[in-house]
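Given next are the chains, with one letter for each unit.
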Amino acid sequence: MTFDSLAKLYYKDEKHYLTEYEKRYNAPFAYHIDFSVKQYNHKNAYDAFYYYTEEIILLVEKIYKAYEEFLYVIHSVPPVVLQQFSLLSILDEVKSTNDIEGVRSTRKEIRDIIDGVAPSNARFASVVNKYHSLLTNEEIVFNTCKDIRDFYEDFAHKEIIAENPSYELDGKIFRCSSVDVVSPIGKTIHRGVMPEENIIKDMNHALEILHNPQLPVLVRISLFHYLFAYIHPFYDGNGRTDRFITSYFLAKHFHKIAALRLSVLIKKQRTKYYNLFSVCDSEINRGDLTPFISGFLQLLLDTFMDTIALLNRKNAQIEVYYNRIKEFAIQDTFLVDLYYILLQAALFYGQGISMEKLVEVTKKSKGTIKSRLDSLPKEHLIVTTNRRVKYYKLNMLMFK
């Protein structure tokens, strides 16, 4: 059962809208936040709050049910599939988060960083490496404002000021001057918190919420995502940083691959995503962040379901092609296994798989693998070289 936001109720019945605001604000399960919400270019600011609706409770339940299904699918796929899909997810996530912000990037330059063949100072290297760290359980501290700044320094700040020196941070921790969020037509739709002392104060409150064990983890992750975007502590790179922090905490509480596909889904639903912010920023919504929580939970649910659907499609493809593979190498068990691995490398990440990875996965010597590869018909194998590293994958045209 969905509920109407206060912003929506305002246009239906203004008298009932005011009564409903009081009812929601003073509800037994209302949670009041030490944070003020004010729409750009409007007069009134309102204390932020949210309350637990039936919709929020049902969405949380659906997310955990979807997560059970997600884990079943993940555990049913071979290790190589998981490894290849993880790399694909990093590539898709970085490309998507850049696209959302209007930052130009290519899949090739991101892929080269993932594969370790790009220079260490390549553009987006720090962003890609941070997302890759989600797979390794690397601990990143986000306890204080300084922690946020230290992370941002390595994650985005250096690359941002290399392209535009005017975006260099000039405060003790964050920015000193104002920053606006503008629409595609150049209209200001939000102005970040000012001055810096208020940025620090509000960020401290946001971090308290993020780490509050008395709040459901999905609710506090959703709230922090909104509050960080509202505060807008940097001159540029706020959205990318906000989405990474969300992915980091999702990876801590859920499976890492699900956390690596958040921006992919947000890009697909970009209009809906930005509308969540505009509704909650609106003066007539009076600081009620409930619509953002429920909307963001729906995005998380859609992320899980979208990932499940993609993995199921890939699994179905693998099953079909695997049966065909047996026709090519029916008398050589290892060759069947090798074909299978090369198939997975072609269907998922696409770059292929290196000899080093083939040795790791098959537990065979380099010489044994090379002799089998040499025995394959030339039209079955695609070999590419990237900075002296060879990658192998099956030529899918062999199934035509």
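(A) Local environment of the overall build of the protein. Scanning the protein from terminus to terminus reveals 17 helices and seven strands. Put simply, of all contacts in the protein between residues at least 6 apart along the chain, 67% involve residues at least 24 apart.

(B) Representation of helix α13 (residues 270-281). The terminal C-alpha atoms of α13, which comprises twelve residues, lie 17 Å apart, in line with the 16 Å expected from a rise of 1.5 Å per residue. Considered for burial, the residues of α13 that qualify are Tyr-273, Leu-276, Phe-277, Val-279, Cys-280 and Asp-281.

(C) Seen up close, helix α16 (residues 355-362). Taken together, the buried positions of α16 are Met-355, Leu-358 and Thr-362. For α16, the angular spread of the buried residues around the axis is 55 degrees, confining them to a single face. Tucked inside the fold, the buried residues of α16 contact α15 (333-347), β5 (353-354), α17 (366-375) and β7 (389-394). Once α16 finishes, Lys-363 follows within two positions and takes phi at roughly 65 degrees, a positive value.

(D) Structural view of the sheet that holds β7. Spatially, the three strands line up as an open sheet ordered β5-β7-β6, and their pairing is antiparallel. What marks the edges here is a single partner per strand, and that holds for β5 and β6 (381-386). Alignment of β5 against β7, held across two bridges, turns out to be antiparallel. Across the sheet, the residue bridging to Ile-353 is Tyr-392, located in β7.

(E) Here's a closer look at the side chain of Asp-288. With respect to the helices and strands, Asp-288 occurs in the loop between α13 and α14 (290-328). Accessibility expressed as a relative area gives 0% for Asp-288, which makes it buried. Dropping the residues within four chain positions of it, Asp-288 is found in contact with Leu-6, Arg-24, Phe-49, Tyr-50, Tyr-51 and Cys-280.

(F) Quick peek at the packing of helix α4 (residues 79-101) against helix α10 (residues 238-253). Interaxial distance between α4 and α10 falls to 9 Å at its minimum, and their mutual angle equals 145 degrees. As for how α4 packs across α10, the hand of that crossing is right-handed. Counted together, Glu-93, Thr-97, Asn-98, Ile-100 and Glu-101 of α4 and Gly-239, Arg-240, Arg-243 and Ser-247 of α10 form the full contact between these two elements. Among the residues making up the contact of α4 with α10, the classes are represented as one nonpolar, four polar and four charged.

What counts and how
The residue numbering used here restarts from 1 in each chain and proceeds along that chain's sequence as written. Totals for whole chains, interfaces and linings use every residue, but because this is a predicted model, local features are given only for residues with pLDDT of at least 70 and side-chain atom pairs only at 80 or more, for both listing and counting. Side-chain measures here rest on the full set of heavy atoms in the structure, leaving out hydrogens and waters. The helix count covers DSSP runs of H or I at least four residues long, the strand count covers runs of E at least two residues long, and both are numbered beginning at the N terminus. Contacts: residue pairs with any heavy atoms within 4.5 Å of one another. Helix span, as expected, comes to 1.5 Å for every residue beyond the first. Buried, partly exposed and exposed residues are distinguished by accessible area as a fraction of the type maximum, computed with a 1.4 Å probe on protein chains only: under 20%, between the cut-offs, and over 50%, respectively. The reported arc concerns the directions from the helix axis to the C-beta atoms and nothing else. When DSSP finds two or more bridges between two strands, those strands count as paired. Angles run from 0 to 180 degrees between N-to-C directions of axes, and those axes are lines fitted to C-alpha atoms, restricted for helices to the stretch in contact. By convention, the crossing between two helices is left-handed when the near helix turns anticlockwise from the far helix through less than a right angle, and right-handed when the turn is clockwise. Here the nonpolar group is Ala, Val, Leu, Ile, Met, Phe, Trp, Tyr, Cys and Pro; Asp, Glu, Lys and Arg are the charged ones; every other residue, Gly included, is treated as polar.

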